[in-house]
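Structural overview
What follows is each chain in one-letter form.
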Amino acid sequence: MAVHGATPKRKEIYKYEAPWPLYSMNWSVRPDKRFRLALGSFVEEYNNKAQIVSLDEDTSEFSAKSTFDHPYPTTKIMWIPDSKGIFPDLLATSGDYLRVWRAGEPETRLECVLNNNKNSDFCAPLTSFDWNEVDPNLIGTSSIDTTCTIWGLETGQVLGRVNMVTGHVKTQLIAHDKEVYDIAFSRAGGGRDMFASVGADGSVRMFDLRHLEHSTIIYEDPQHTPLLRLAWNKQDPNYLATVAMDACEVIILDVRVPCTPVARLNNHRACVNGIAWAPHSSCHICTAGDDHQALIWDIQQMPRAIEDPILAYTAAEGEINQIQWGATQPDWIAICYNKALEILRV
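Since this is a predicted model, take the numbers as computed values, not measurements.

Regarding the nonpolar core
Counting 19 residues, the largest nonpolar core has I252, L265, W277, I285, I299 and M302 as its most contacted members. Secondary structure elements with two or more residues in this core: β19 (239-244), β20 (250-254), β21 (263-265), β22 (272-277) and β24 (294-298). Sequence-distant contacts of I285, that is, excluding residues within four places in its chain, are made with A241, I252, L265, A276, W277, A278, L295, I296, W297, I299 and W325. Counting 18 residues, the second largest nonpolar core, distinct from the first, contains L22, M25, F35 and L39.

Put into structure tokens, the structure is as follows:
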């Protein structure tokens, strides 16, 4: 992505070709598992797959470490945000339900299926979820049934015994007037209790687990276009980014100035599918979309208009449907398009 005086040994791009089209993807957080990612297939039928891959830094090749069945495509896949490696090696997926898995090579084991509709044959699919970084025993899910659910996990860290992971509903709330498409915990106020959601009603709403009787509307799309994604700035909890359905621009919001975007990033020539803030910087964000581009922006000069990205990666051979910026490896961005995973040095 950037121009380096690179030695031949130091590759800038590594590519992995999966057996099926990819949608969900996430970097592992554990310090002892560098260059490990989880992937989810996108096959329009019941039988789908998830896979754990890792890069061998000596051979410069990706290889699959574990492949496991998943019902329906995963709408999101995420590793436990455990940067110290003190929790079990868990990852979670959302689809028809929330599932928590224990990673292994070669066998990844299902620990629990978390289902909030126990008394119903009908299940309301989950569009997304977020795993709380401050308290990894909390996971929040978003659903097409207008609700968000906060789950409490018991990871059973009993020394010498491998306990099953279990979960219970801490709270469920009606978050929007229509489907909820994404949820993300904020680092504000201690980082445990605040989260935001976006949905088909075109609004961004903020919640506090300590005061769930009300929510704050941070933004409403003027045309009530559904908002599909949201992402909090990793260093400055005042800022978040969101993207509307079929939109070529990303909207940056400041929670201190509700309802008025502080910036619009609009160099994409087709709809934006993914947004990822830099893990180590408050002023950098990466966006990716159907125009085969991944763009990195410097938003330091807000509220002055931000005209152009500072870096552009245009060599993707397909519509980029997923982008993730590695929390423990901030020099690397991962993208997915078609059946390919690529990691790019920035």
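Now that the structure is up, let's keep going.
Here we look at the packing of aromatic side chains
Summed over the entire model, instances satisfying the criterion amount to 9 aromatic pairs. For the ring pair F68 and W101, a centre distance of 4.5 Å and an interplane angle of 45° mean the geometry is tilted. Here F68, found in strand β5 (residues 61-71), pairs with W101, found in strand β8 (residues 98-102); they are 33 residues apart in sequence, far enough to count as distant. Overall, W101 belongs to the buried group, its relative accessible area being 5%. A network of ring pairs unites the aromatic residues Y14, W27, F35 and W332 as a single cluster. Above the ring of F129, the side-chain terminus of K76 is found at 5.8 Å from the ring centroid.

Digging into the UniProt feature "repeat: WD" (unreviewed entry) in the protein chain
Under the local residue numbering, the UniProt record ascribes the feature "repeat: WD" (unreviewed entry) to residues 265-307. With 0% helix and 42% strand, residues 265-307 has its two end C-alpha atoms placed 7 Å apart.

With respect to the sheet that holds β24
Strand order in the open sheet made by the 4 strands is β22-β23-β24-β25, with antiparallel pairing throughout. Single-partner strands in this sheet number two, and they are β22 and β25 (311-313). The sheet shows a mean angle of 15° between the axes of neighbouring strands, direction not considered. By the bridge criterion, 5 bridges tie strand β23 (residues 284-289) to β24 in an arrangement that is antiparallel. The partner of C286 across the bridge, within β24, is I296.

Re the confidence of the model for the protein chain
Taken residue by residue, the protein chain gives an average pLDDT of 93. The fraction at 70 or more is 94%. Counted against residues more than four places away or in other chains, residues 3-8, with its pLDDT under 50, gives 5 contacts.

A few points about the sheet that holds strand β13 (residues 166-174)
Reading across from one edge, β10-β11-β12-β13 is the order of the 4 strands in this open sheet, with antiparallel pairing throughout. Because the sheet does not close on itself, it has two edges, and the strands there are β10 (126-131) and β13. The mean inter-strand angle of the sheet, taken between neighbouring strand axes irrespective of direction, is 25°.

Quick word on the pattern of salt bridges
Applying the stated criterion across every chain, the model contains 21 salt bridges. E17 is the partner of K15 in a salt bridge, and the nearest nitrogen-oxygen pair spans 3.9 Å. Here K15 falls in the partly exposed class, since its relative accessible area comes to 38%. One salt bridge connects E57 with R34, and the closest N-O pair in it is separated by 3.1 Å. Placement of E57 in the loop between β4 (47-56) and β5 and of R34 in the loop between β2 (22-27) and β3 (36-41) is noted, with a sequence separation of 23 residues between them. Using a relative accessible area of 40% as the deciding quantity, one classes E57 as partly exposed. Judged by relative accessible area, R34 falls into the partly exposed class, the value being 45%.

With respect to unusual backbone geometry
Omega for the peptide link from E105 to P106 comes to 5°, which places this bond in the cis form. Considering the arrangement of structural elements, one finds P106 in the loop between β8 and β9 (109-114). Here the amide bond leading from M302 into P303 is cis, since omega sits at 5°, within 30 degrees of zero. Assignment of secondary structure puts P303 in the loop between β24 and β25. Phi is positive for F35, close to 55°, though the residue is something other than glycine. Within the secondary structure, F35 is located in the loop between β2 and β3. For Y72, which is not a glycine, the phi torsion comes out positive at approximately 65°. Note on placement: Y72 falls in the loop between β5 and β6 (76-79).

Quick notes on the side chain of D208
Relative to the helices and strands, D208 is located in strand β16 (residues 203-208). Within polar-contact distance, the side chain of D208 engages the backbone nitrogen of R210 at 2.9 Å. In this structure, D208 is in contact with D193 and M194, ignoring residues within four places of it in sequence.

Details of the pairing of β2
Most of β2 sits inside the fold, with 6 of its 6 residues counted as buried. Where β2 meets β3, 5 bridges bridge the pair, whose relative direction is antiparallel. Bridging across to β3, N26 finds its partner in A38.

Rules of the game
- Residues numbered from 1 in each chain as written.
- Predicted model: local features only at pLDDT ≥ 70, side-chain atom pairs only at ≥ 80, totals over all residues.
- Heavy atoms only, no water.
- Core = buried A, V, L, I, M, F, W, Y, C linked by side-chain atoms within 4.5 Å.
- Buried < 20%, exposed > 50% of the residue type's maximum accessible area, 1.4 Å probe, protein only.
- Helix = DSSP H or I, 4+ residues; strand = E, 2+ residues; numbered from the N terminus.
- Contact = heavy atoms within 4.5 Å.
- Phe/Tyr/Trp six-rings, centres within 6.5 Å; stacked < 30°, edge-to-face > 60°.
- Lys NZ or Arg CZ within 6 Å of the ring centre and 35° of its normal.
- UniProt positions renumbered as here; feature names shortened; annotations may be inferred.
- Pairing = 2+ DSSP bridges.
- Axes fitted to C-alpha atoms, helices over the stretch in contact; angles between N-to-C directions.
- pLDDT = per-residue confidence, 0-100.
- Salt bridge = Lys/Arg side-chain N within 4 Å of Asp/Glu carboxyl O.
- Polar contact = N/O pair within 3.5 Å; in protein donor to acceptor, adjacent residues only side chain to side chain.

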